[in-house]
Amino acid sequence: MNWEHLLSLKRFGDTNKRLRKEQNETRLGFEVDYDRIIFSSAFRSLQDKTQVIPLSKTDFVHTRLTHSLEVSVVGRSLGRLAGQKILEKHPHLETIHGYKMNDFGAIVAAAALAHDIGNPPFGHSGEKAIGEYFSHDKGKRFKEQLTEKEYRDLVKFEGNANGFKILTETRPGIPGGLRLSYATLGAFTKYPKESLPHKPTSNIADKKFGFFQLQRDSFQELAQELGLIQTGKDGNLGYARHPLAFLVEAADDICYTIIDFEDGINLGLIDEDYALEYLIKLVKNNINTQKYNTLQNTSDRLAYLRALAINTLISEAVETFLQNEEAILAGNFHQALFDKSGYEAQIKDIIKISIERIYQSEEVINKEIAGYKMLSYLLDTYTKALLPTQEEESSNFNKLVLKSVPKLQHLQEETSVYKILMEICSYTASLTDGLTVASFERYKGLSL
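Residues numbered from 1 in each chain as written. Predicted model: local features only at pLDDT ≥ 70, side-chain atom pairs only at ≥ 80, totals over all residues. Heavy atoms only, no water.

Here we look at the packing of helix α4 (residues 64–89) against helix α12 (residues 243–266)
Phase 1: Interhelical geometry of α4 versus α12 gives an angle of 130° and a closest axis separation of 8 Å. It follows that α4 is oblique to α12 by the angle criterion. Both α4 and α12 take part in a crossing whose hand is right-handed. Here His 67, Glu 70, Val 71, Val 74, Gly 75, Leu 78, Gly 79 and Ala 82 of α4 lie close against α12, whose contacting residues are Leu 247, Ala 250, Ala 251, Asp 252, Ile 254, Cys 255, Tyr 256 and Ile 259.
Phase 2: Each residue belonging to the contact of α4 with α12 can be placed in one class, and the counts come to 11 nonpolar, three polar and two charged. (Axes fitted to C-alpha atoms, helices over the stretch in contact; angles between N-to-C directions. Helix = DSSP H or I, 4+ residues; strand = E, 2+ residues; numbered from the N terminus. Parallel < 35°, antiparallel > 145°, perpendicular 65-115°, else oblique. Left-handed = near helix turned anticlockwise from the far one by under 90°. Contact = heavy atoms within 4.5 Å. Nonpolar A, V, L, I, M, F, W, Y, C, P; charged D, E, K, R; others polar.)

Written out as structure tokens, the structure reads:
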């Protein structure tokens, strides 16, 4: 892979090439990507989607929106620091093509901003609820009407693939979705493969999948333009990652490791003194002891350690990326940057505590159970309305359901069962935590 292609400003639907040296410096194409994401309704809905605690009533707990904004800030720093060194190593990118250090930061920031845009309500349990509706619940009745890969898209419903769908899907009057640059879309896609074969290698890029069968052709076009290395065999679509996807992943890893941990402390799920001890272990080589000792309260000490930890991990991630740049460009780097961290032991300790004290806390588990049941019920309600059995065809309730969801009404004319099911899943995934509860209560007759 080469940076000239990887930094493509092209967008879906373009007929002419976009050259970096011809860009308006006051509003660069990569910065337009950021603007389009932040003004999208899909991004706004993240303000009421779970990051750590579903439907939290406190003001310090992160939502998917605040988490995404913070990941974007970290991603911008990662991109700029890496970009500075890449331009020093490949000066023709600047002298001939006009690329600047900030371009790398803008691409990673935009991709990081969108990294959770396809995630359903109630976090990762929401993904599982959608998938298990089709593998273990009433949705299993559609299996014989789908290809193997189409069915896999449903039973292993993936927020990353749904995010690519949201960003690129053509709608009436809106060709190419948000029409982001190919560079940003490439950096966004952490898992550049289709749903099957499942984990064909131990390569980090093969861990999950990044696009549904509906967007297969679009991703193929994107990959060819960016010059991604094809890894799929026997007609299966799979590619090596866009190099900047490693930085997007690192930004997410840094934020959820440190900031979810901080949320657990603020919620009282993790003892403050105990937590501070673990953060100090992470930053012990960089801590200014004199400054730290002047801080009078726990929140100030926690904020100082959090900032120091994030800066420490940013510097290390960039260093790891640059040390392995040639292997990454050759498609021969197969792990997350975090996996090569010198702070691996400290990070594992923090994540272990977060799992035990936060992600598996009674409050989280109870709300995820409720969310699981609500999403399963909504999926069943929408599939019965659009794909009723012979006995259900005359149901007035089903007709009323469709009238209540204008975004699904147009699917009544659709003949593809796969597309109808994917649109139902995508719509359900677009619901916020609060709207999921409200829809469930309305259809069950529990509220007006």
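After presenting the structure, the write-up continues.
Things to note about the pattern of salt bridges
Phase 1: Under the criterion given, the structure shown has 25 salt bridges.
Phase 2: Among the salt bridges present, the one from Glu 277 reaches Lys 281, with a minimum N-O distance of 4.0 Å. In this pair, Glu 277 and Lys 281 are both assigned in helix α13 (residues 272–283), four residues apart and thus about one turn of the helix distant.
Phase 3: Accessibility expressed as a relative area gives 41% for Glu 277, which makes it partly exposed.
Phase 4: Note on Lys 281: relative accessible area 37%, which makes it partly exposed.
Phase 5: Residues participating in the shared-partner salt-bridge network are Asp 14, Arg 18 and Arg 179. (Salt bridge = Lys/Arg side-chain N within 4 Å of Asp/Glu carboxyl O. Buried < 20%, exposed > 50% of the residue type's maximum accessible area, 1.4 Å probe, protein only.)

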